[in-house]
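Residue-level listing of the chains:
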Amino acid sequence: MALSEPHDSDDQDNPAPRDEDVVIHPDFSGKPRLISELTGQPDFPRCALGVFVDIRGFTGVVVEIFGQSFRVVSEDGVKQRFNGNRLRSLLSPRDRAKPKAIAPRAQPRKVEKELPPARVHVEEPDFEQPVQAIGVYARQADFPKCAYGCHVEIPGFTGVVVEIVKDSVRVQSKAGSIRRFNGAALKRLYGMPE
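Keep in mind the model is a prediction, meaning the values are calculated, not measured. (Residues numbered from 1 in each chain as written. Predicted model: local features only at pLDDT ≥ 70, side-chain atom pairs only at ≥ 80, totals over all residues. Heavy atoms only, no water.)

Looking at the packing of aromatic side chains
Going by this rule: Pairing of aromatic rings covers Phe, Tyr and the six-membered ring of Trp, with a centre-to-centre limit of 6.5 Å; geometry is then stacked below 30 degrees between planes, edge-to-face above 60, and tilted otherwise. Secondary structure elements follow DSSP: runs of H or I of four or more residues count as helices, runs of E of two or more count as strands, with numbering from the N terminus. Between buried and exposed lies partly exposed: a residue is buried under 20% and exposed over 50% of the maximum accessible area for its type, with that area taken using a 1.4 Å probe on protein chains only.
If you walk through the whole model with that rule in mind, you get 5 aromatic pairs. A ring pair is formed by Phe44 and Phe70, whose centres lie 5.8 Å apart and whose planes are at 80 degrees; its orientation type is edge-to-face. Placement of the pair is Phe44 in the loop between strand 2 (33-34) and strand 3 (52-55) and Phe70 in strand 5 (residues 69-73), with a sequence separation of 26 residues. Each member of the pair, Phe44 as well as Phe70, carries the same accessibility label: buried. Aromatic side chains Phe70 and Phe82 sit 5.9 Å apart centroid to centroid with 25 degrees between the ring planes, which places their arrangement in the stacked category.

Encoded structure:
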């Protein structure tokens, strides 16, 4: 995309500059201003007349304005013509006042509640099987699942593991009482190798 225009002086679309639109003695002192600082002004390009500017690396003073075009002369005498409308469309800051198009909000998905796993319970515990210390099972990688339905002895309580809920075990004694034990705690206390 060309920002500058050819040097034709007999361009029909742009009238010759008026005397008030010409700078005879350009001033190159100071630091050049970025042209993008001026393109957002309502009177651009007129506000740039006589200003030392930098237009994407080409630096010089705006010395002539004709219609919406202007001519810039560099310190070494090179003249280049630019289209003000084109610069305005490419380099002006975005208008923040215009509302941005907002994408429609996605409808929330209906989240189905995850049902808890079905509880599996030993209806008729077998108290006739041999009693094993809980450590026998707690040392296994799949504990507490491996203890399900087994007759176990946990210091101070003996019974059959009748249910596993998450990481806990429920143990029912021969007398019918049920105690709940934390599987992680049993593994920590009794799962060490002998």
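Concerning the pairing of strand 3
A regular strand carries its side chains on alternate faces of the sheet. Applicable threshold: At least two bridges found by DSSP between two strands are what make those strands a pair.
On strand 3, burial covers both faces: Phe52 and Asp54 on one face and Val53 and Ile55 on the other are all buried. Here strand 2 pairs with strand 3 via 2 bridges, running parallel. Paired with Leu34 across the bridge in strand 3 is Asp54. Sheet topology places strand 3 next to strand 4 (residues 58-66); 4 bridges connect them, and they run antiparallel.

Quick look at the side chain of His151
Put simply, the test is: N or O atoms within 3.5 Å of each other form a polar contact, as long as, within protein, one can give a hydrogen and the other can take it, and as long as residues adjacent in sequence are counted only when both atoms are side-chain atoms. The contact definition used throughout considers only heavy atoms, calling two residues in contact when any of these lie within 4.5 Å.
Tracing the backbone through its elements, the reader meets His151 in strand 8 (residues 151-154). Among the polar contacts listed, one links the side chain of His151 to the backbone oxygen of Phe127, at a separation of 3.4 Å. Those residues in contact with His151, other than ones at most four positions away along the chain, are Asp126, Phe127, Gln129, Pro130, Val131, Gln132, Thr158, Gly159 and Val160.

So, the pairing of strand 9 (residues 157-165)
Direction of pairing for strand 8 relative to strand 9: antiparallel, over a ladder of 4 bridges. Counted as the bridge partner of Glu153 is Thr158 from strand 9. The antiparallel pairing of strand 8 with strand 9 creates a hairpin that spans 2 residues between the two strands, and Gly156 there sits at a positive phi of about 95 degrees. Connecting strand 9 to the next strand, strand 10 (residues 168-172), in antiparallel fashion are 2 residues, including Lys166 with a positive phi near 55 degrees.

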